[in-house]
Amino acid sequence: TGKTGFIGTKLVEKLLLEGHEIMDFYSNGYIDSVIHLSAIAGIHPELQDPYQHYQVNVMQTVELLEYCVIRKIPKFIFISSSAVYGNNRNRPSLETDATDMPLCHYASTKKAGELACYTYHYRYGIDITCLRLFTVYGPGQKIKMAIPLFTKSIFQGKEIEIFGDGYRDYVHVDDAVQAIIKSLDNCKGYEIYNIGSSAQTSLIELVFYLEEIIGKKAKVKYLPNQIGYAPSTWASIAKAKKELGYVPQIKIKDGLKRYVDWYRYQQDKF
């Protein structure tokens with residue numbers, strides 16, 4: 001699901017290159033696994049529609065899990081989010097950290113999805129892997145996210161708003177796709193994995209790197225951290241490295257250079 005989205009598009013391309021067959025949800029053909037990417041993604045907490053978030057993000061997940069039971073599909077990959085950690089101050093975040101204080105509806109729906117996955121694994125024996133993706137970025141990303149928005153603003157000479165003084169764990173979309181495929185190959189039992197770069201990049205550093213790459217100074221306005229957002233995120237990826245063989249390949253500066261190069265080519269569409 002979600003195969004036409006930012007991550008889904010890249011994942012489908014990679015799977016097809018590797019010789020896999022991709023089917024639509026509710027396909028009449030045989031499916032040996034489900035990768036569930038589709039969701040109403042993280043938007044500004046004050047703009048979130050609670051009914052829509054729970055109906056789509058939670059009930060669609062349950063519907064998919066029921067489909068797996070009926071069709072006897074043995075593997076299920078659930079795309080979760082680092083948002084489930086809320087304001088947990090343990091850094092870097094471990095998969096065993098508390099996740100019972102979400103700061104927005106998006107975060108709570110992702111946690112609810114993880115819980116539903118465990119119940120279906122326990123009741124029906126479906127092998128399920130939940131991937132807590134940290135801040136995924138790269139070509140094709142929605143313009144409302146930080147990196148696309150900052151890039152566009154610097155090119156156009158517009159003001160950038162920086163909320164708070166925290167940092168993020170940015171993971172390139174190609175590395176996120178690598179993690180999903182590795183989890184598909186190693187889906188056994190019920191497991192949760194952090195998928196990030198295990199590096200910290202502050203928003204100020206992010207702007208500085210973009211200024212260097214673009215060759216133009218940014219106009220910056222500093223504001224307090226927004227309600228609903230964790231001040232900082234940072235993933236421990238030790239478990240994913242050990243059990244999945246996941247090793248992120250793209251450093252933040254290289255990833256930003258790739259994004260800016262793509263943006264230069266596409267900017268007439270923005």
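Keep in mind that what you see is a predicted model, and the values were worked out from it rather than measured.

1. Concerning the pattern of salt bridges
So, point 1. Scanning the model with the defined rule gives six salt bridges in all.
So, point 2. Ionic pairing is found between Glu191 and Lys239, a salt bridge with its closest N-O pair at 2.8 Å. With Glu191 in strand 8 (residues 190-195) and Lys239 in helix 7 (residues 238-244), this residue pair connects regions lying 48 residues apart in the sequence.
So, point 3. We note a salt bridge from Lys257 to Asp261, for which the minimum N-O separation is 2.8 Å. Taken together, the positions of Lys257 and Asp261, both in helix 8 (residues 252-266) and four residues apart, correspond to about one turn of that helix.
So, point 4. Connected through salt bridges with shared partners, the residues Lys111, Glu114 and Arg132 form a single ionic network.

2. Remarks on helix 4 (residues 146-156)
So, point 1. Along helix 4, the residues that are buried comprise Ile147, Pro148, Phe150, Thr151, Ser153, Ile154 and Phe155.
So, point 2. Buried residues along helix 4 sit against strand 4 (135-137), strand 5 (159-163), strand 7 (170-172), helix 6 (203-214) and helix 8.
So, point 3. At the C-terminal side of helix 4, Gly157 shows a positive phi close to 70 degrees.

3. A closer look at the environment of Tyr190
So, point 1. Mapped onto the elements of the fold, Tyr190 is located in strand 8.
So, point 2. Exposure remark for Tyr190: the relative accessible area of 18% places this residue in the buried category.
So, point 3. Of note is the side chain of Tyr190, whose polar atom sits 2.9 Å from the backbone oxygen of Glu114.

4. Some remarks on unusual backbone geometry
So, point 1. Between Arg91 and Pro92 the backbone carries a cis peptide bond, its omega angle lying at -5 degrees.
So, point 2. Inspection of the secondary structure puts Pro92 in the loop between strand 2 (75-81) and helix 3 (105-124).
So, point 3. Positive phi, normally seen in glycine, also occurs at Lys72, with a value near 55 degrees.
So, point 4. Residue placement: Lys72 occurs in the loop between helix 2 (50-71) and strand 2.
So, point 5. The exposure class of Lys72 is exposed, given its relative accessible area of 68%.
So, point 6. One non-glycine residue, Ser198, adopts positive backbone phi at about 60 degrees.

Cut-offs applied
- Here, residues in each chain are numbered from 1, in the same order as that chain's written sequence.
- Two thresholds apply to this predicted model, a pLDDT of at least 70 for residue-level local features and 80 or more for giving and counting side-chain atom pairs, whereas whole-chain, interface and lining totals are computed over all residues.
- To obtain the side-chain values, all non-hydrogen atoms of the structure were included, while hydrogens and water were left out.
- Salt-bridge detection follows one rule: a side-chain nitrogen of Lys or Arg within 4 Å of a carboxyl oxygen of Asp or Glu.
- Secondary structure elements follow DSSP: runs of H or I of four or more residues count as helices, runs of E of two or more count as strands, with numbering from the N terminus.
- Residue exposure (1.4 Å probe, protein chains only): buried if accessible area is under 20% of the type maximum, exposed if over 50%, otherwise partly exposed.
- Here, two residues are considered to be in contact whenever any of their heavy atoms come within 4.5 Å of each other.
- In protein, a polar contact requires one atom able to donate a hydrogen and another able to accept it; more generally it is a pair of N or O atoms within 3.5 Å, and residues adjacent in sequence count only if both atoms are side-chain atoms.

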